[in-house]
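Topology and contacts: notes
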Amino acid sequence: MSKKAKKDFAYHLSRFLSIYLPDQRNVSENTVLSYKDTFKLILMFAKEEKKLLSNQLSISDLTRSFFEEFLLWLKSGRKCGVSTCNQRLGAIRAFFTYLQYEMPEAAMLCQEVLSIRTAKAPEGQLNYLTIDAVKALLAQPDINTKTGRRDAALLSLLYDSGARVQEIADLTIGDVRFRSPATVKLTGKGNKTRIVPLLSGPESLLKAYINDYMPEHINSTHPLFCNRSGEKFTRAGIAYTLKKYADMARNTNPDLIPTKVTPHCLRHSKAMHLLQADVNLIYIRDLLGHSDIKTTEIYARADTILKRQALEKASPLNKPLQYPSWTDDDDLMNWLNSFGKR
């Protein structure tokens, strides 16, 4: 293998991450970081399983079988789920889509890699909290303390906006507008922004938190939610804070709070509660920042309460049945004849 061939992977990967994705595709910084993590795992796999160092890896090494083994390594060696493996495969596909135009001579290899199919993920149960569970959770922070007021504002906004956890972590002071009508600007996938109304509860909590934590000289680009060191809250920090209060709420209400509560669980909860309040799916889609209404429809499919109500409305048996005395054959025949009639 020539020295140039050894360097082609490093060259194209660096251009893919630093130029193609942010400049030509205009993807978000979080997407770039996610793709970067995928290729860090690929380099780890190459070193551990193929005995290839990063400076020895070339494009010609990245065959379909290489990535099939990589995905198997993720699943069996690192215990990754189907959705995680599919996410990593998505990053690989994006790279080889870029590569087939940059290296036409590798078109056949690119097509072989791009032909790897995603695995079918089992349809899981949508994890969301009841309204009473959300009330119990949001009541946990002690708003008589500075930290409690911050956490109350964080959890309240996380639920009420239906935001993704990264969208909350990326908020700046300038994204919040307290002039009537109060709003918050969220930046989601693909750097798409949306304006979400800020209700009176989260608004008052945010005002109290900002008065506590934000000196007047801090500019509008400063992160909205910060830890005690004044640094931007990370996704892990937000998840940790939520877990702490979920554990507290579970101690008081063990049957109300599930064993696992994640930031995305609050997003699901907001969507389900809006749906149960007869809010149109189009409005829910816009609030959540979904690009396709089909994504929002999962909440309608998951809501067993609405399913039951719909079935009851459509059922000819929606009136209580008067069961006959089974000791009399005539009674039985008359009941069968009337069965299903309104």
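Because the structure is a prediction, the values reported are computed rather than measured.

Our next topic: the overall build of the chain. In terms of helices and strands, the chain carries 15 helices and three strands. Per-residue burial for the chain yields a buried fraction of 38% across its 342 residues. For the chain, contacts bridging at least 24 residues in sequence account for 62% of all contacts bridging at least 6. As displayed, the chain offers around 20300 Å² of accessible surface, 52% of which is attributable to carbon and sulfur atoms.

How two aromatic rings sit relative to each other is set out by the distance from centre to centre and by the angle between their planes. Taken as a whole and assessed by the stated rule, the structure comprises 19 aromatic pairs. In this structure, K146 packs its charged tip against the face of Y213, placed 4.7 Å from the ring centre.

Next up on the list: unusual backbone geometry. In this structure, the amide linkage connecting S180 to the following residue, P181, adopts the cis form with an omega of 0°. Assignment of secondary structure puts P181 in the loop between β1 (176-177) and β2 (183-187). One non-glycine residue with positive phi stands out, namely D278, at about 65°. The class of D278 is exposed, set by a relative accessible area of 69%.

Residues of strand β3 (residues 193-197) alternate between two faces, with R194 and V196 buried on one and T193, I195 and P197 left unburied on the opposite face. Sheet topology places β2 next to β3; five bridges connect them, and they run antiparallel. The residue of β3 that forms the bridge with L186 is R194. As consecutive antiparallel partners, β2 and β3 are separated by five residues, and within that stretch G190 has a phi angle of approximately 65°, a positive value.

Our focus in this paragraph is the sheet that holds β3. Reading across the sheet, the three strands line up as β1-β2-β3 and stay open at both edges, with antiparallel pairing between neighbours. The open sheet has two free edges, formed respectively by β1 and β3, since each of these has just one partner strand.

Position of F70 relative to the elements: it lies in helix α3 (residues 64-76). A relative accessible area of 0% means that F70 is categorised as buried. Note: C-alpha distance between F70 and L41 (29 residues apart in sequence) is 8.8 Å. Discounting chain neighbours no more than four positions away, the residues touching F70 are T38, L41, I42, F45, R88 and I92.

About the cut-offs
Residues numbered from 1 in each chain as written. Predicted model: local features only at pLDDT ≥ 70, side-chain atom pairs only at ≥ 80, totals over all residues. Heavy atoms only, no water. Helix = DSSP H or I, 4+ residues; strand = E, 2+ residues; numbered from the N terminus. Buried < 20%, exposed > 50% of the residue type's maximum accessible area, 1.4 Å probe, protein only. Contact = heavy atoms within 4.5 Å. Areas by Shrake-Rupley, 256 points an atom, 1.4 Å probe, with all protein chains shown as cover. Phe/Tyr/Trp six-rings, centres within 6.5 Å; stacked < 30°, edge-to-face > 60°. Lys NZ or Arg CZ within 6 Å of the ring centre and 35° of its normal. Pairing = 2+ DSSP bridges.

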